[in-house]
Amino acid sequence: MHYRDLGRTGWKVSEISFGAWAIGGSWGSVDDGESMAALHKAVDCGVNFIDTADVYGMGRSERLIARLKRERTEQILVATKAGRRLSPHTADGYNAQNLTAFIEDSLRNLATDSLDLLQLHCPPTDAYYRPEVFGALDRLVEQGKIRHYGVSVERVEEALKAIEYPNVKTVQIIFNVFRLRPACLFFEQAVRKRIGILARVPLASGLLSGKLTRQSQFASDDHRQFNRHGEAFDAGETFSGVAYETGLAAVEEMRNLLPAGFTMPQFALRWILMFDAVTCAIPGGKRPSQVEENCAASDRPPLPEEAMAAIRRIYDEKIRGDLHQRW
Ligand SMILES: NC(=O)c1ccc[n+]([C@@H]2O[C@H](COP(=O)([O-])OP(=O)(O)OC[C@H]3O[C@@H](n4cnc5c(N)ncnc54)[C@H](OP(=O)(O)O)[C@@H]3O)[C@@H](O)[C@H]2O)c1
């Protein structure tokens, strides 16, 4: 496992880290025993950074991570998120009182007195135009409730706006072979300001693992069933917003590009790591075998230029038209 600087936090984090949404819920049934095994496997493989949120299973994901920290001696840094428990989910809700209450709950779930990294959880665009939101986060840092803060965004423009606030240290954004726009505009600015970048949905919700087919079935409580068209939250969070059949066709073409010794998930993850601006990819994994396979991407050699160019061509031909300007 290789490590990269997480922006200006002073931390070096594993370039393949762990996305802890699925172990909380919304991905069909999960078993806490298996989730704990997956978390332990991640640490065994050198992962020292975990991304979670208060809403992932309403505290379930955070509590499993607290248990992991009790059971391990290694330093494990945890990024959590706040805001998605607001109902209705409005910019007004991102105020000092609500944020403080959400953070107190996360502190309890994670069994700690200070959160390592707190991210606003894809707030409405308007929240980025309210300096008082970021002022409230500054005060939470002063009070010692959080060490650093960042944002998780839906759109490139939200990321560009967020990093105008001087104490925003990280941006979490969807970035994968189906989502190239962050690399066009945002990465250059982020590097200039030494912002840590967490590349989320790196496997396009499993599509890029190469295992899904037209016949794949998903449980009714799996967002790949219930949020296909953005019924519950932003459509971009499910399969990266790519139409399922289009995604399958693109994956079939990518299969021909696999360098020797790579599996499909490793190819998708290594592609992300080719971008120096990215701090880490945070693939979700529910099983130890998935985690082990994903972590090994860090030790795979760089992708050949021809493969990078071929991916760009597949993107231009199959994905760009429908997707590029949406986020
Ligand atoms: N708004 C936000 O801030 C936000 C939104 C989305 C995600 N995130 C974060 O980003 C993380 C990653 O994104 P994601 O979980 O949505 O999607 P992802 O990492 O693109 O896909 C994860 C899914 O792919 C499958 N998978 C993983 N490794 C595999 C392997 N080696 N072989 C085959 N299948 C594999 C697993 O599903 P199955 O085994 O069930 O197929 C897994 O749950 C989340 O866990 C969360 O921490 C944040």
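Source: prediction; values computed, not measured.

Enquirer: Hey, could you run me through the sheet that holds strand β8 (residues 168-174) in this one?
Expert: The pairing of strands in a sheet comes from backbone hydrogen bonds and takes either a parallel or an antiparallel form. Taken in spatial order, the eight strands line up as β3-β4-β5-β6-β7-β8-β9-β10 in an open sheet, and their pairing is parallel. At either end of the open sheet lies a strand with only one pairing partner, and these are β3 (18-19) and β10 (280-281). One ladder, built from two bridges, connects β3 with strand β4 (residues 49-51); its direction is parallel. By the bridge assignment for β4, F18 is matched with I50.

Enquirer: Is there a simple way to think about the pairing of strand β5 (residues 77-82) in this case?
Expert: By the criterion of burial, β5 is predominantly enclosed, with six of the six residues buried. Side-chain alternation along β5 places L77, A79 and K81 on one buried face and V78, T80 and A82 on a second face that is also buried. The pairing of β4 with β5 spans three bridges and is parallel. Counterpart to I50 in the pairing with β5 is V78. As a crossover connection, the stretch from β4 through helix α2 (residues 60-71) into β5 is right-handed. Bridge count for β5 against strand β6 (residues 115-121) is four bridges, and the pairing is parallel. Counterpart to A79 in the pairing with β6 is L117. Read as a crossover between parallel neighbours, the route from β5 over helix α3 (residues 96-109) to β6 is right-handed.

Enquirer: Any chance you could explain the pattern of salt bridges here in plain terms?
Expert: It is possible for side chains of opposite charge to pair when their charged atoms get near one another. Within this structure, the stated rule accounts for 26 salt bridges. Across the pair E154 and R200 runs a salt bridge, and its minimum N-O distance is 3.5 Å. Of this pair, E154 sits in the loop between β7 (146-152) and α5 (156-162) while R200 sits in strand β9 (residues 196-200), and the two are 46 residues apart along the sequence. Judged on exposure class, the residue E154 and its partner R200 are both buried. Between E253 and R313 there is a salt bridge, with the nearest N and O atoms lying 3.9 Å from each other. Of this pair, E253 sits in helix α8 (residues 244-255) while R313 sits in helix α11 (residues 305-323); the two residues are 60 residues apart in sequence, bridging distant segments of the chain. In this structure E253 comes out as partly exposed when scored by relative accessible area, which is 23%. Classification of R313 by relative accessible area gives partly exposed; the value is 39%. Beyond isolated ion pairs, a larger network of salt bridges with shared partners links D54, R85, D105 and R108.

The rules we used
- Residues numbered from 1 in each chain as written.
- Predicted model: local features only at pLDDT ≥ 70, side-chain atom pairs only at ≥ 80, totals over all residues.
- Heavy atoms only, no water.
- Pairing = 2+ DSSP bridges.
- Helix = DSSP H or I, 4+ residues; strand = E, 2+ residues; numbered from the N terminus.
- Buried < 20%, exposed > 50% of the residue type's maximum accessible area, 1.4 Å probe, protein only.
- Right-handed = clockwise from strand over helix to strand, strands pointing away.
- Salt bridge = Lys/Arg side-chain N within 4 Å of Asp/Glu carboxyl O.

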